[in-house]
Amino acid sequence: MAEKMGNVWVFIEHEAGKIADVSLELVSKARELADQLGLKVEALLLGDENVEKFVPTLYSYGCDTVYMACDKRLEPFTVLPFAKIIMQLILEHKPNILMFGATMKGRELAPRVASEKRCGLTADCTELKIDDFEDALSKTLYKDKLMQIRPAFGGNIIATIVNTWDDPQMVTVREGVMKSTFNENGLNHFAAGNAAFFAGSSTKIIDFPPDRFHILILIDIRDNQPTISFLQLLLDRSVATIQ
């Protein structure tokens, strides 16, 4: 039996209390790719306790799941703890695609994660699409691969790059080249849910609409060693349990 394909992930960048435009563009593009592949869109949201307020916006742009790490020591951005947290999540959940904005943060973080995972990374993409790819040398056909399109040789040609290495297929994408799509109905649907606080924790558990199953992951950093606690919301009874 073929191994189940992982989901489409987007690293969410934020600054001064606002999600970066490129991150919302990538969530919208991820929604398009995920729908074509029959997968979910999942966001990586790291920062201090204030990042919780971004979750409704991410939902309205097409996210199915938000992986959230909240700790005051994650502000300001420092590449090493961010990379370690993302690597732990990759090893646990095995995404198929992972996208970063081609920003100062994204260009510092994405190569470090790709190097640790030993997978391919295409920088400064201007277009992404799903297609089959046949390796002319080995005659191997790869189904539903991410076509990573970017300028090359000083912009004189457009190159299409395919990663046949280990997943995730990683890219950085320039701001302004993908269209962001806001779904007001999704935001209203989210707002209709109930919010509660898990006893003894500062982590907010959000009751999402029943047609989407969500997991919020709190990563608690102690002695600079991230440990992951999984808080799964049971939608039928709105009860939080720790696995």
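Everything below is about the structure printed above this text.
For clarity, every value in this text was computed on a predicted model and none was experimentally measured. Just so you know, the residues in each chain are numbered from 1, in the order the chain's sequence is written. Local features in this predicted model are restricted to residues whose pLDDT is 70 or higher, and side-chain atom pairs enter the listing and the counts only when it is 80 or higher, whereas totals over whole chains, interfaces and linings include all residues. Heavy atoms from the whole structure form the basis of all side-chain values; hydrogens and water molecules are not counted.

*Asks:* Just to check I follow, could you spell out the packing of aromatic side chains for this structure?
*Replies:* Between two aromatic rings, the relevant description is the distance of the centres plus the angle of the planes. Only rings of Phe, Tyr and Trp enter the pairing, Trp through its six-membered ring, and a pair is recorded when the two centres are within 6.5 Å. The plane angle decides the type: under 30 degrees is stacked, over 60 is edge-to-face, the rest tilted. The full count for this structure, using the stated rule, is five aromatic pairs. Pairing Phe11 with Phe100 gives two aromatic rings, centres 5.5 Å apart and planes at 35°, and the pair type is tilted. Of the two residues, Phe11 is situated in strand β1 (residues 8-12) and Phe100 in strand β6 (residues 97-101); the sequence distance between them amounts to 89 residues. Judged by centre distance (6.3 Å) and plane angle (25°), the rings of Phe133 and Tyr142 are stacked. Counting every residue linked through ring pairs, the aromatic cluster contains Phe11, Phe77, Phe82 and Phe100. Helix and strand labels come from DSSP, where a helix needs a run of H or I of at least four residues and a strand needs a run of E of at least two; each type is numbered from the N terminus.

*Asks:* For this particular structure, what's the right way to read the sheet that holds strand β8 (residues 127-135)?
*Replies:* Each strand in a sheet pairs with its neighbour through backbone hydrogen bonds, running either in the same direction (parallel) or in the opposite one (antiparallel). Strand order in the open sheet made by the three strands is β8-β9-β10, with antiparallel pairing throughout. Each of the sheet's edge strands pairs with one partner strand only, and the pair in question is β8 and β10 (157-161). In this sheet, adjacent strand axes meet at a mean angle of 40° when their direction is disregarded. Across the sheet, helix α1 (residues 21-37) touches β8 and β9 (140-152), and the angle it forms with β8 is around 40°. Any two strands between which DSSP finds at least two bridges are classified as paired. For helices, the fitted line uses only the C-alpha atoms of the stretch in contact; every axis is such a line through C-alpha atoms, and the angle between N-to-C directions lies from 0 to 180 degrees. Contacts between residues were defined by any pair of non-hydrogen atoms, one from each residue, lying within 4.5 Å.

*Asks:* Please explain the pairing of β9 as it appears in this structure.
*Replies:* Regular strands show a simple pattern: their side chains alternate between the two faces of the sheet. The pairing of β8 with β9 spans eight bridges and is classified as antiparallel. What sits directly across from Leu128, in β9, is Gln148. Counted between consecutive antiparallel strands, the loop separating β8 from β9 contains four residues, among which Lys139 sits at a positive phi close to 60°. With five bridges connecting them, β9 and β10 associate as antiparallel partners.

The values are spatial; any link to function lies outside them.
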